[in-house]
Amino acid sequence: MAVGTAATVKALDPIELREMGAQMILSNAYHLHLRPGDELIRDFGGLHSFMGWDGPILTDSGGFQVFSLEGLRTIAEEGVEFRSHIDGSPHSFTPESVMAIERNLGADVIMQFDHVIPGQSDEAAARDASERSLRWLARCVAALERLRGESAGGPPPTTTIPSGAQLSTTNFPLPAPNHPQALFPIVQGGIHASLRVAAASAIRDLGDWPGFGIGGLSVGEAKPDMYRILELLDDELPRDRPRYLMGVGFPEDLVEGVLRGVDLFDCVAPTRMGRNGAAFTSDGRLNIKRAEFRTDPRPLDDACDCTACRRFSRGYIRHLFVADEILGLRLLSLHNVHFLVRLMRDARAAIMDGTIRTWSRDWLARYHSRAPSPE
Ligand SMILES: [Zn+2]
């Protein structure tokens, strides 16, 4: 999934995402609740119409963001009170309020509100957070059922924007969303195997889920710990439902995750690194700002067929970065997202061909063959 935290995949137009074959966008309930507000987005017909993307969207609940606000929040069984990172205003999230927010946003897949802890947390802290996340999952399910009942029989949604101007339904895809949304539970438990198994088992007992989130990884723990937990969960989660490894999205992590049964990923890396001048290539990462690329006529990646690689040289893109030209940020963002979309397309093909083991071994060997250039 391309990451569009604030209802935009930074620097990219949804048309470009569709053209490169991106299938799904991730957005974030915490950020959109604070700005511009989930009710405003509902009144625009939901996130799809608001941001001009008619493909699938997944919204994260904002648990990760809220629990990252060290010193700005207090946690209780009921929920979390926190202050906005934008203006310091007080807010509270409960499983019920987060379901209402995600309902207003109208994404196709919505994540439960969970208690997120740092990657190196001890077993007692991990157990406490995991068990609270399970209790919150049950409350999310009840809240979502209530909200679905209300939108099925309730009054039609508001069709005015804050200025009071009436929106015409002929040129605007109203009404607000009330389609069924797939609620994904999130398996927590830190790096503790017994807690992960217990969480997966308890979640399976709670319902027949359309998919599963794997949370609390890539948050500071060592890579071998992440791989060990994924291998464990590969046997604990149903094989016919998508597994979503939350917040993971560097090229090598995608390949390692696919090998361990993961289907969905997200990470801000391709666009964030693109804006900083880093490009993913089949031979590892390169920093386009380095002097060695000044006279380099080659594309970013010989094997890439994105707009940036088909039309522009490394030397030109380096010039754009050095001169602080906005096209440079766009081209690298576009290339990096395209690179990951193509990587996953190739991985899918290798799975279907039965060649995923050799394909991934060769891919990883080539990618790691050149040390990443210094940032
Ligand atoms: Zn490219």
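For the structure given in this document, a descriptive report is provided here. (Residues numbered from 1 in each chain as written. Predicted model: local features only at pLDDT ≥ 70, side-chain atom pairs only at ≥ 80, totals over all residues. Heavy atoms only, no water.)

**Observations regarding the packing of helix 10 (residues 251-259) against helix 15 (residues 356-367)**
For the pair helix 10 and helix 15, the least separation of the axes is 11 Å and the interaxial angle reads 160°. The pairing of helix 10 with helix 15 is recorded here as roughly antiparallel in orientation. Here helix 10 and helix 15 pass one another in a crossing that is left-handed. Across from Pro251, Glu252, Val255, Glu256, Val258 and Leu259 in helix 10, the residues of helix 15 making contact are Ile356, Arg357, Trp359, Ser360, Trp363, Leu364 and Tyr367. When its residues are assigned to classes, the contact of helix 10 with helix 15 shows nine nonpolar, one polar and three charged. (Axes fitted to C-alpha atoms, helices over the stretch in contact; angles between N-to-C directions. Helix = DSSP H or I, 4+ residues; strand = E, 2+ residues; numbered from the N terminus. Parallel < 35°, antiparallel > 145°, perpendicular 65-115°, else oblique. Left-handed = near helix turned anticlockwise from the far one by under 90°. Contact = heavy atoms within 4.5 Å. Nonpolar A, V, L, I, M, F, W, Y, C, P; charged D, E, K, R; others polar.)

**Comments concerning the coordination of the zinc ion**
Looking at the zinc ion, one finds its protein donor set to be Cys304 (SG), Cys306 (SG), Cys309 (SG) and His335 (ND1), positioned 2.1 to 2.3 Å from the metal centre. One can describe the site at the zinc ion as tetrahedral: its four donor atoms subtend angles covering 100 to 117° at the metal. (Donors = N, O, S within 2.8 Å, 3.2 Å for Na, K, Ca; no water. Tetrahedral: all angles 85-135°; square planar, octahedral: opposite > 155°, others 65-115°.)

**Concerning the sheet that holds strand 9 (residues 186-187)**
Hydrogen bonds along the backbone pair up the strands of a sheet, which may run parallel or antiparallel. Spatially, 9-10-11-12 is the arrangement adopted by the four strands of the open sheet, whose pairing is parallel. The open sheet has two free edges, formed respectively by strand 9 and strand 12 (264-265), since each of these has just one partner strand. One ladder, built from two bridges, connects strand 9 with strand 10 (residues 212-214); its direction is parallel. Note that in strand 10 the partner of isoleucine 186 across the bridge is glycine 213. (Pairing = 2+ DSSP bridges.)

**Considerations on the state of the cysteines**
Here the structure, examined in full by the defined rule, presents zero disulfides. This cysteine, cysteine 267, is not joined by any disulfide, and cysteine 304 carries the nearest cysteine sulfur, 18 Å off. With relative accessibility at 14%, the residue cysteine 267 sits in the buried group. (Disulfide = S-S within 2.5 Å. Buried < 20%, exposed > 50% of the residue type's maximum accessible area, 1.4 Å probe, protein only.)

**Some remarks on unusual backbone geometry**
Omega for the peptide link from arginine 35 to proline 36 comes to 15°, which places this bond in the cis form. For proline 36, the location among the structural elements is in the loop between helix 2 (29-34) and helix 3 (38-43). Positive phi values are uncommon outside glycine, yet alanine 7 reaches one of about 65°. Along the chain, alanine 7 turns up in the loop between strand 1 (2-3) and helix 1 (14-19). For aspartate 324, which is not glycine, the phi torsion reads 60° and is therefore positive. Within the element layout of this structure, aspartate 324 appears in the loop between helix 13 (314-322) and helix 14 (326-353). A relative accessible area of 70% means that aspartate 324 is categorised as exposed.

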